[in-house]
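Listed below, chain by chain, are the residues.
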Amino acid sequence: MPLERPVINSSVPHSARIWNYWLGGKDHYEIDEEVGDQIASANPEILDIAVAQRAFLVRAVEYLVGEAGIRQFLDVGTGLPTANNTHEVAQRLVPETRIVYVDHDPVVLAHASALLTSTPEGATDYIDADLRDPEAILEQAAKTLDFTQPVALILLGITAHITDDAVYDIVGRLLNALPSGSYLVLCDDTEVLNPQQMREMIEQWNAASDNPRINRSPEELARFFEGLELLDPGVVSVSQWRPSQSGEPTAEVDDFGAVARKP
């Protein structure tokens, strides 16, 4: 059944469209460009973070499919489709890979058809659900994914939208449903390199958006991986996680993350 396209308010800035603007996408409006430029003016590093985070996703998925043998992905808080979405990277390597995207954003829902262009051998699905309701996510994802087999859970830049410690329990409930051999890929913004600029960015973001965020320290991000087997190099700036040899920029950015295996 085709996804219903919701009504979008183009006069109010939206975090997903702002992020799309920073990544060079086309799914945004003038108000998003205006607010995106304001935030980037206060913190130019956000543009590097957007690019580095997407590159981290690509490298992590390539590792998981090509080396770890993962054939299923649960990508929560996927955001608007841009280049190198999870299913595109995974199915280029193994066409049979199955991917479920999750977001509760009406803007993303309106463009979700771009996330459903699976290979004939594999499958993709889009779930309109909130990270705060992990049981609903798992129930719907089970229609596409086999939870008796390993799954890679991807949480990029999404945990910051849950601004209290309840987020650790929520992520834990998702991980508890996944079998041994599954993986967690997670990253989010920090205040390690440019704390003042990163705090100012959060203030501007929260003033402009209806979806507030916080920055967490690398130590706070490491809590998400407790009980898991961290892959080298551990929790690091995403640009430092197994950088490619293709000349890709590797300067550190204030966005830290890791990949870990569930024993």
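One can find the structure itself at the top, above this paragraph.
Residues numbered from 1 in each chain as written. Predicted model: local features only at pLDDT ≥ 70, side-chain atom pairs only at ≥ 80, totals over all residues. Heavy atoms only, no water.

J.: Before we go on, may I ask you to explain the pattern of salt bridges in this structure?
T.: Should the charged atoms of two oppositely charged side chains come close, the side chains can pair. With the rule as written, the count across this model stands at 9 salt bridges. Between Arg173 and Glu135 there is a salt bridge, with the nearest N and O atoms lying 2.8 Å from each other. Residue Arg173 is located in helix H7 (residues 166-176), and its partner Glu135 is located in helix H6 (residues 134-141); the two are separated by 38 residues in the primary sequence. Taking the relative accessible area as the measure of exposure, Arg173 reaches 30% and is therefore partly exposed. Among the residues examined, Glu135 registers a relative accessible area of 40% and is labelled partly exposed. Where Arg173 meets Asp169, a salt bridge forms, and the shortest distance between an N and an O atom there is 2.9 Å. With Arg173 and Asp169 both in helix H7, this residue pair falls 4 residues apart, about one helical turn. The network of salt bridges with shared partners includes Glu135, Asp169 and Arg173. (Salt bridge = Lys/Arg side-chain N within 4 Å of Asp/Glu carboxyl O. Helix = DSSP H or I, 4+ residues; strand = E, 2+ residues; numbered from the N terminus. Buried < 20%, exposed > 50% of the residue type's maximum accessible area, 1.4 Å probe, protein only.)

J.: Would you explain the pairing of strand S2 (residues 98-103) in this entry?
T.: Successive residues of a regular strand alternate their side chains across the two faces of the sheet. By the criterion of burial, S2 is predominantly enclosed, with 5 of the 6 residues buried. The pairing of strand S1 (residues 72-76) with S2 spans 5 bridges and is classified as parallel. The residue of S2 that forms the bridge with Gln72 is Arg98. Strand direction decides the pairing type here: S2 and strand S3 (residues 123-128), joined by 6 bridges, are parallel. Note on S3: the bridge partner recorded for Tyr101 is Tyr126. (Pairing = 2+ DSSP bridges.)

J.: Looking at this structure, how should I read unusual backbone geometry?
T.: Negative phi values dominate among residues other than glycine, just as trans dominates among peptide bonds. For the peptide bond that leads from Asp232 to Pro233, omega is 10 degrees, which places it in the cis range. Tracing the chain through its elements places Pro233 in the loop between strand S6 (229-230) and strand S7 (236-237). Phi at Arg242 takes a positive value of approximately 45 degrees, unusual for a residue other than glycine. Summarising the element assignment, Arg242 is placed in the loop between S7 and strand S8 (255-261).

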